[in-house]
There are 2 protein chains.
Amino acid sequence: MATILDIARLSGVSKSTVSRVINNHPHVSEDSRKRVMKAIEELSFVRNARGVHLRIKSTNTIGVTIPVLDHPYFSPLVSKIAEKCRKAGYKIVIFQTYYSIDEEYEIYEKLTENELDAVIITHTLLSEEEIKQRVGDKIVMVCNEPLQTGCLDVFSLNESEAVYSATRYLLKEGRNYLLFCADEERTPLQQQRWEGFVQAHLDLNKTCTIQQKISGYSTIEEGIILGDEIFLDKSNYDGILAGSDFLAVGLLTSAKKHGVSVPKELSIIGFDNHPICLTTFPALSSIQNQTEMMVNDLVTCLLDRLGQKKFSTIRRVYKGELIIRGT
Amino acid sequence: MATILDIARLSGVSKSTVSRVINNHPHVSEDSRKRVMKAIEELSFVRNARGVHLRIKSTNTIGVTIPVLDHPYFSPLVSKIAEKCRKAGYKIVIFQTYYSIDEEYEIYEKLTENELDAVIITHTLLSEEEIKQRVGDKIVMVCNEPLQTGCLDVFSLNESEAVYSATRYLLKEGRNYLLFCADEERTPLQQQRWEGFVQAHLDLNKTCTIQQKISGYSTIEEGIILGDEIFLDKSNYDGILAGSDFLAVGLLTSAKKHGVSVPKELSIIGFDNHPICLTTFPALSSIQNQTEMMVNDLVTCLLDRLGQKKFSTIRRVYKGELIIRGT
DNA sequence: CTGAAAGCGCTAACAT
DNA sequence: ATGTTAGCGCTTTCAG
């Protein structure tokens, strides 16, 4: 592996000049430049990023977390974030956390150890305070997870309101015994959703117990499995709030199999308004959120932070919209 | 930001000893260790990875490419790869290529510039030779893309055979005019699939023209759009080989909408055997591949390469299986 | 068990 | 326009 020193020697100039050429600095004679380029070619030199990073104290890289790569909601979300950051000239790398605290720790470590210039987290099992304490004055931005202590910049959706309106809708439609399905119940997001669910019941003078909540299901397969359990003994649920559209589709598939008629006997509402909603019969009702705007604002804010602008932490919440289709 | 020098000074030892403590080296007195730990605590020191990387000439990081994050086939695939590598003690980072050659170049650059110890590519628009020429003796492994010139280690699926058997099946069932849908037709993978399609026709003495091939569709939405075009003017296709299950589901949705009866008038076969196959009515026929085994073998091989073992390039192909359901 | 010293590859004042 | 020099933060011989 040739280094700039090798290039310098071969082309008869100094390291500095080589560096100038590599980085397209002005004030290099055409002659020197040519000789350097030739040497680079000959030795097939490539810059060693490790040296650069140490020297310039930056890696121009932003980390983005995702619970698991293969996720119908988070994949498109992170994809959007990534695209925006790239356009702003940053390299972006994606980390899976597997809903694990230890994985999260590792990412914050990468940040504090300077492998990353900033990280964007799309979900977390930690409190804002703990994150803040771990990363100090390094930049971390929260996307999608509704944290609210103001330690970090957070851009999130109004989860409780979305669920509230969906729940209220179902109850007003005459549904009496609803099931609430959470994905990973430990996150603040899921807690907010549950609160919306409970609040809607309260406001309409309906009772609602913790029995109506079930956690840990999110995929199509899991929806089918869960449905097979629920519908086998002819449950008395007449409405389900699924934590994701995929889960909802799995439930719907199972309901059909067990002869439960949707929406006659059972109503189902999904989450995220994924295109899959259009493929079922009847088409799946769902909740759509303004993720696009959320991502735009977040990245704008991030760039300001990276540009050393000073301002107090930002917290912005985006509204959801209930989309009623056939289920 | 405190450095080991600060720690050394505060604890009254040398940089070397601090380094030994940080890295859990033996031969450090209990006393020194304690003083160093105390200083680390006091100054809330964290190691700067940039210095480490430069010094140890490694980042312990493996890059994995994915065309786009939000992809029903690649997401689970990359997820599996990532998990295996992590278990082997490597950090892994994921890069989106957006089916763009320039993005690919950037990743190879990261490899040659030593930001990465190895990269695994799950698809490519380049030839093996060009990749090899760009990365030299750095490690790049190919997963899923059926390259065959032997410059690199490649682990791939037998795409042509899978499509061949599906096509043959449809033709034998009496279907006469099939449509072949490719995702991104420039890749070798898609070319192999097309070859399988053509070969099956040849072997059964059927004609087949380039008109029967269509490219650039892969999502549910695109399936619906494509279906809306095809079924509007009552096409005479009586069978479709969709490049992915999601595309197939979109097509199926559109077919229903236009009153095209499946499987009576039209047969559809998807690809990848995603759980979504179970959610349609009739359930979607598809092609299942041995991705699990492919990933295992690939990572094993990668670890050998990283462990400096010498052996000539490996090329392994895994068989697919046609799964006939209702469509 | 510990410290001194060299050096990984690069950039950027500063001087000329 | 170019070279000299210092140094980013760390690990690792080598000597003691």
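This is a predicted model, so every value here is computed, not measured.

Rules used throughout
Residues numbered from 1 in each chain as written. Chains lettered and ligands numbered in written order. Predicted model: local features only at pLDDT ≥ 70, side-chain atom pairs only at ≥ 80, totals over all residues. Heavy atoms only, no water. Helix = DSSP H or I, 4+ residues; strand = E, 2+ residues; numbered from the N terminus. Rg over C-alpha atoms; globule rule 2.2 N^0.38 Å. Buried < 20%, exposed > 50% of the residue type's maximum accessible area, 1.4 Å probe, protein only. Contact = heavy atoms within 4.5 Å. Areas by Shrake-Rupley, 256 points an atom, 1.4 Å probe, with all protein chains shown as cover. Lys, Arg positive; Asp, Glu negative; His and termini not counted. Charge placed at Lys NZ, Arg CZ, Asp CG, Glu CD. Core = buried A, V, L, I, M, F, W, Y, C linked by side-chain atoms within 4.5 Å. Near = heavy atom within 4 Å. Polar contact = N/O pair within 3.5 Å; in protein donor to acceptor, adjacent residues only side chain to side chain. Pairing = 2+ DSSP bridges. Axes fitted to C-alpha atoms, helices over the stretch in contact; angles between N-to-C directions. Right-handed = clockwise from strand over helix to strand, strands pointing away. Phe/Tyr/Trp six-rings, centres within 6.5 Å; stacked < 30°, edge-to-face > 60°. Lys NZ or Arg CZ within 6 Å of the ring centre and 35° of its normal. Expected span 1.5 Å × (residues − 1). Salt bridge = Lys/Arg side-chain N within 4 Å of Asp/Glu carboxyl O. 1 Å grid on protein atoms, 1.4 Å probe; cavity = no way out; pocket = protein on both sides within 12 Å on 5 of 7 lines; lining within 4 Å. Points joined across faces, edges and corners; volume = space filled by probe spheres on them. UniProt positions renumbered as here; feature names shortened; annotations may be inferred. Domains from an automatic or database assignment. Buried area = accessible area lost by both parts, 1.4 Å probe. Nonpolar A, V, L, I, M, F, W, Y, C, P; charged D, E, K, R; others polar. Least-squares fit on C-alpha atoms with pLDDT ≥ 70 in both.

### A few points about the overall build of chain A
- If you tally the helices and strands in chain A, you get 12 helices and 12 strands.
- The C-alpha radius of gyration of chain A comes to 26 Å, more than 25% above the 20 Å expected for a compact globule of 327 residues.
- Taken over 327 residues, chain A has a buried fraction of 55%.
- Partitioning the contacts of chain A with sequence separation of at least 6, the portion at a separation of at least 24 is 68%.
- For chain A, the exposed area adds up to about 14,300 Å²; of that, 50% sits on carbon and sulfur atoms.
- Averaged over its 38 positive side-chain charges, chain A has a centre that lies 8 Å from the centre of its 42 negative ones.

### Section: the nonpolar core
- Judged by nonpolar contacts, the single largest core of 60 residues is most densely connected at A:Ile120, A:Leu302, B:Ile120 and B:Leu302.
- The residues contacting A:Ile120, other than those within four sequence positions of it, are A:Ile62, A:Gly63, A:Val64, A:Thr65, A:Ile81, A:Cys85, A:Met141, A:Cys143, A:Leu298 and A:Leu302.
- Membership of the second largest hydrophobic core comes to 50 residues, among which are A:Leu226, A:Leu247, B:Leu226 and B:Ile230.

### Quick notes on the protein's contact with DNA strand D
- Inspection of the region around DNA strand D gives 29 residues, with A:Ser16, A:Arg20, A:His27, B:Lys15 and B:Arg55 positioned closest.
- Counting only atoms of DNA strand D within 4 Å of the protein, the sugar-phosphate share comes to 56%.
- Contacts to DNA strand D include A:Arg20, whose side-chain N or O atom sits 2.6 Å from a base oxygen.
- One of the side-chain N or O atoms of B:Ser16 is found 3.2 Å from a base oxygen in DNA strand D.
- Elements with a contribution of two residues or more to the surface near DNA strand D: helix H2 (15–22) and helix H4 (49–56) of chain A together with helix H2 (15–22) and helix H4 (49–56) of chain B.

### Side note on the sheet that holds strand S9 (residues 267–269) of chain A
All names here are of chain A.
- Read across the open sheet, the 4 strands follow the order S7-S6-S8-S9; overall the sheet is parallel. Since the sheet does not close on itself, it has two edges, and those belong to strand S7 (213–215) and S9, each with one partner. Strand-to-strand, the axes of this sheet are offset by a mean angle of 20°, without reference to chain direction.
- Bridge count between strand S6 (residues 178–182) and strand S8 (residues 239–241): 3 bridges; the pairing is parallel. Looking at the pairing, Phe180 lines up with Leu241 of S8.
- Its contacts with the sheet place helix H9 (residues 188–203) against S6 and S7, and it is angled at close to 170° to S6.

### Quick look at the pairing of strand S4 (residues 139–144) of chain B
Residue and element names in this part refer to chain B.
- Counting buried residues in S4 gives 6 out of 6 residues, a clear majority hidden from the surface.
- Both strand S3 (residues 118–121) and S4 contribute to a ladder of 4 bridges, which runs parallel. Its bridge partner lying in S4, Ile120 is registered against Met141.
- The parallel pair S3 and S4, bridged by helix H7 (residues 128–135), forms a crossover whose chirality is right-handed.
- Bridging between S4 and strand S5 (residues 153–157) involves 4 bridges; their strand directions are parallel.

### Considerations on the packing of aromatic side chains
- If you walk through the whole model with that rule in mind, you get 11 aromatic pairs over all chains.
- Put simply, the rings of A:Phe180, A:Trp194 and A:Phe197 touch in pairs and so form one group of aromatic residues.
- Positioned above the aromatic ring of A:Phe311 is the side chain of A:Arg305, whose terminal nitrogen or guanidinium carbon lies 3.8 Å from the ring centre.
- Its guanidinium or amino end placed over the ring of B:Phe271, B:Arg193 lies 3.5 Å from that ring's centre, counting from NZ or CZ.

### Side note on helix H6 (residues 101–112) of chain A
Residue and element names in this part refer to chain A.
- Taking 1.5 Å of rise per residue, the 12 residues of H6 would be expected to cover 16 Å, and the 17 Å separating its terminal C-alpha atoms lies within 8% of that figure.
- Listed in full, the buried residues belonging to H6 are Glu103, Glu104, Ile107, Tyr108, Lys110, Leu111 and Thr112.
- With a side-chain oxygen positioned 3.2 Å from the backbone nitrogen of Asp102, the residue opening H6 is Ser100.
- Just downstream of H6 lies Asn114, where phi reads positive at about 75°.

### Considerations on the pattern of salt bridges
All names here are of chain A.
- Following the criterion strictly, the structure yields 29 salt bridges over all chains and no others.
- Between Glu83 and Lys87 there is a salt bridge whose closest N-O contact spans 3.6 Å. In this pair, Glu83 and Lys87 both sit in helix H5 (residues 74–87), 4 residues apart, roughly one turn of the helix.
- Between Glu184 and Arg186 there is a salt bridge, with its nearest N and O atoms 2.7 Å apart.
- Residue classification places Arg186 among the partly exposed positions, given a relative accessible area of 47%.

### As for empty space enclosed by the protein
- Inspection of every chain in the model, using the stated rule, returns 7 cavities of 30 Å³ or more.
- Lining the largest cavity are 20 residues, with A:His53, A:Thr59, A:Glu115, B:His53 and B:Glu115 sitting closest to its centre.
- Of all the elements in the fold, those that place two or more residues in the lining of the largest cavity are H4 and strand S2 (91–96) of chain A together with H4 and strand S2 (91–96) of chain B.
- Sort the elements by how many residues they give to the lining of the largest cavity and H4(A) lands first, with 3 residues.

### Some details on the UniProt feature "domain: HTH lacI-type" (unreviewed entry) in chain A
- Residues annotated by UniProt as "domain: HTH lacI-type" (unreviewed entry) correspond here to residues 2–56 of chain A.
- From the first C-alpha to the last, residues 2–56 of chain A spans 20 Å; its make-up is 67% helix and 0% strand.

### Some words on helix H10 (residues 220–232) of chain B
- In this model H10(B) runs 18 Å from its N-terminal to its C-terminal C-alpha over 13 residues, within 8% of the 18 Å that 1.5 Å per residue would give.
- The inward-facing, buried residues of H10(B) abut strand S6 (178–182), strand S7 (213–215), strand S8 (239–241) and helix H11 (245–257) of chain B.

### Things to note about the domain arrangement of chain A
- Along its sequence, chain A is carved into domain 1 (4–54), domain 2 (58–157 + 291–320) and domain 3 (159–288).
- Centre-to-centre, using C-alpha coordinates, domain 1 of chain A lies 36 Å away from domain 2 of chain A.

### Remarks on the interface of chain B and chain A
- Contact with chain B, which involves 47 residues of that partner, is made by 48 residues of chain A.
- Together, the buried faces of chain B and chain A total about 4,200 Å²; carbon and sulfur atoms form 58% of this surface.
- On the chain B side of the contact with chain A, B:Arg50, B:Leu69 and B:Glu113 bury the most area, a combined 17% of that side's loss.
- The residue B:Lys91 makes a salt bridge to A:Glu115 at a minimum N-O spacing of 3.1 Å.
- If you list the elements that add at least two residues to the side of chain B that touches chain A, you get H4, helix H5 (74–87), S2, helix H6 (101–112), H10 and H11 of chain B.
- It is H5(B) that contributes the most residues to the side of chain B that touches chain A, 7 residues altogether.
- Counted by class, the side of chain B that touches chain A contains 21 nonpolar, 13 polar and 13 charged residues.

### Points about the relation of the copies chain B and chain A
- For the pair chain B and chain A, the superposition axis carries a translation of 0.0 Å, the fit reaches an RMSD of 0.0 Å, and the rotation angle comes to 180°. In the structure described here, the two chain copies are related by an operation that fits a two-fold rotation axis.
- Both copies contact each other with a shared surface, as 100% of the interface residues of chain B are interface residues in chain A too.

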